[in-house]
Amino acid sequence: MTSIIATSDPESPQERVNLLGLSRPQMEQFFQQLGEKTFRAQQVLKWIHHAGVSDIDQMTNLGKGLREKLRGVAEIRPPEIVSQHDSSDGTRKWAIRVDGGGLVETVLIPDGSRATLCVSSQVGCSLDCSFCSTGKQGFQRDLSAAEIIGQVWLAIQSFDAFQSGKGRVVTNVVMMGMGEPLLNFDNVVSAMDLMMDDLAYGISKRRVTLSTSGVVPALDRLAKVSEASLAVSLHAPNDALRNQLVPINRKYPIAMLLESCRNYIDAQSDTKRVVTVEYTLIAGVNDQPQHARELALLLQDFPCKINLIPFNTFPQSDYRRPSGNAVSRFWQVLVDAGYIVTVRTTRGDDIDAACGQLVGEVVDRTRRSERYRSELQARENQVG
Ligand code: SAH
Ligand code: SF4
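Notes on the structure in this doc start here. In this text the structure is predicted, and so the values were computed from the model without any measurement.

1. Section: the overall build of the protein chain
Assigned secondary structure in the protein chain consists of 13 helices and 14 strands. At a minimum sequence separation of 6, the contacts of the protein chain that also span at least 24 residues come to 65%. In the structure as shown, the protein chain presents an accessible area of about 17700 Å², 49% of it carried by carbon and sulfur atoms.

Rendered as structure tokens:
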């Protein structure tokens, strides 16, 4: 059994364990290693994730001695919010600074009685899909489990909803922010366990969704340890086209990926689960009726629903968003073939919170506003 408590090194001060990221079994193991009863784990989980407490001294059902002992080896350290933007449509976006200085983004998208939190798993991404701004950033590092679950914690905290019990701020979570979640396997699984655990956020497994571009061996592993819902970023109906858009397809082609997805569904305890197939529509690239027909054939007998995402533009890309008509035509072919098809509406566009726009926005926004300022200056000079 590996130790969760860092062994003390006389040369350097002992690093405290961040309790925010420990799943229930890890928290129990932590208390065992501390020589304490495991029911303490349940109490602490509730303090952190139900009550939103980050100060060990506020955990009043732990004795004074235990609190002191805990303070010596542990802490509750959420990531730091750098900025918060509210869109006119109710979408809220945070830029979050993680240890070491990287920035990631989290977006909350309210929709009627639902509120979906889009959570990041890595700073940047190594997979370099041709239409994705995160891919253009390159990979910087994995987020820790605390930094991943911390995004849920911060979202609830920002509405002051731990204390006030103002109903549920986050009803659904999608691992669709920055990064490829399956390339940060252990931390993502621990964080998703907390999302679904009644001692933490208690969100139903159907409402916690992991989206992957298709890291097949990791997906096979996930089937053994998680019951979260699955979304897969397909984006093309054949390998030749998918190889161009999603380079990891050269390693794990479509047939292999769909088989792995099917195994994932089959491994779940409840029947009637389906995979969400995500398909980003890019004008003139993969949005033609023949692509839709090919997709309909490919997914015959595959347990899925299809989510079409009109491409969201960003400065470093020459791809274009398809017209509304092109999206409708594509949608119609699939509906006629008997599929359940949704079109993702763009939310939070005024704050660059749409899918694939989550580029290091702080940098980008600054650049854009600099460009804007210099254009203004140029115009003023002309007029003047
Ligand atoms: N790495 C994971 C999850 C993050 S991306 C994955 O690729 O699935 C979440 C979704 O947004 C994916 O389906 C991704 O392909 C899509 N996406 C990325 N960039 C986009 C863009 N510019 N416009 C529309 N969708 C995009
Ligand atoms: Fe990474 Fe997903 Fe973007 Fe591809 S689409 S580069 S896997 S974040």
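The structure having been displayed, the exposition proceeds.
2. Notes on the environment of D142
Take D142: it is sitting in strand 8 (residues 139-142). The sequence separation of D142 and N187 amounts to 45 residues, and the corresponding C-alpha distance is 8.5 Å. Other than its neighbours up to four places away in sequence, D142 contacts S121, Q122, E147, L183 and N184. For D142, the side chain forms a polar contact with the side chain of Q122, separated by 2.9 Å.

3. Considering helix 10 (residues 254-266)
Taking 1.5 Å of rise per residue, the 13 residues of helix 10 would be expected to cover 18 Å, and the 18 Å separating its terminal C-alpha atoms lies within 8% of that figure. All of the buried residues in helix 10 are I254, L257, L258, S260, C261, Y264 and I265. The buried residues of helix 10 all sit within an arc of 160 degrees when viewed along its axis, so they share a single face. The outward face of helix 10, more than 90 degrees from its buried face, is lined by the exposed residues A255 and D266. Tucked inside the fold, the buried residues of helix 10 contact helix 8 (216-225), strand 11 (229-233), helix 9 (239-245), strand 12 (275-281) and helix 11 (289-298).

4. Considering the pattern of salt bridges
Applying the stated rule across the entire model yields 15 salt bridges. Two residues, R24 and D197, come together in a salt bridge whose shortest N-O distance is 2.7 Å. You can see R24 sitting in helix 1 (residues 24-33) and its partner D197 sitting in the loop between helix 7 (185-196) and strand 10 (208-212), a full 173 residues away along the chain. For R24, a relative accessible area of 28% translates into the label partly exposed. For R97, the salt bridge goes to E80, with nearest N and O atoms at 3.5 Å. Of the two residues, R97 is situated in strand 4 (residues 92-97) and E80 in strand 3 (residues 80-86); the sequence distance between them amounts to 17 residues.

5. Thoughts on the packing of helix 8 against helix 10
Running from amino to carboxyl end, helix 8 crosses helix 10 at an angle of 10 degrees, the nearest separation of the two axes being 9 Å. Between helix 8 and helix 10, the angle is such that the two are roughly parallel. Seen from helix 8, the contacting residues are V216, L219, D220, L222 and A223; seen from helix 10, they are M256, L257, S260, C261 and Y264. Looking at the contact of helix 8 with helix 10, its residues break down into eight nonpolar, one polar and one charged.

6. Observations regarding the site of ligand 1
As a structural note, the neighbourhood of ligand 1 is formed by 20 residues, with F131, G179, S211, S233 and H235 the closest of them. The contact in question runs from a nitrogen atom of ligand 1 to an N or O atom on the backbone of F131, over 2.9 Å. Out of a free accessible area of 530 Å², ligand 1 has 95% covered by protein chains. Counting only elements with at least two residues in the shell around ligand 1, the list comes to strand 10 and strand 12. For the shell around ligand 1, a count of residues per class yields eight nonpolar, 10 polar and two charged.

Rules used throughout
Residues numbered from 1 in each chain as written. Chains lettered and ligands numbered in written order. Predicted model: local features only at pLDDT ≥ 70, side-chain atom pairs only at ≥ 80, totals over all residues. Heavy atoms only, no water. Helix = DSSP H or I, 4+ residues; strand = E, 2+ residues; numbered from the N terminus. Contact = heavy atoms within 4.5 Å. Areas by Shrake-Rupley, 256 points an atom, 1.4 Å probe, with all protein chains shown as cover. Polar contact = N/O pair within 3.5 Å; in protein donor to acceptor, adjacent residues only side chain to side chain. Expected span 1.5 Å × (residues − 1). Buried < 20%, exposed > 50% of the residue type's maximum accessible area, 1.4 Å probe, protein only. Arc of directions from axis to C-beta. Salt bridge = Lys/Arg side-chain N within 4 Å of Asp/Glu carboxyl O. Axes fitted to C-alpha atoms, helices over the stretch in contact; angles between N-to-C directions. Parallel < 35°, antiparallel > 145°, perpendicular 65-115°, else oblique. Nonpolar A, V, L, I, M, F, W, Y, C, P; charged D, E, K, R; others polar. Near = heavy atom within 4 Å.

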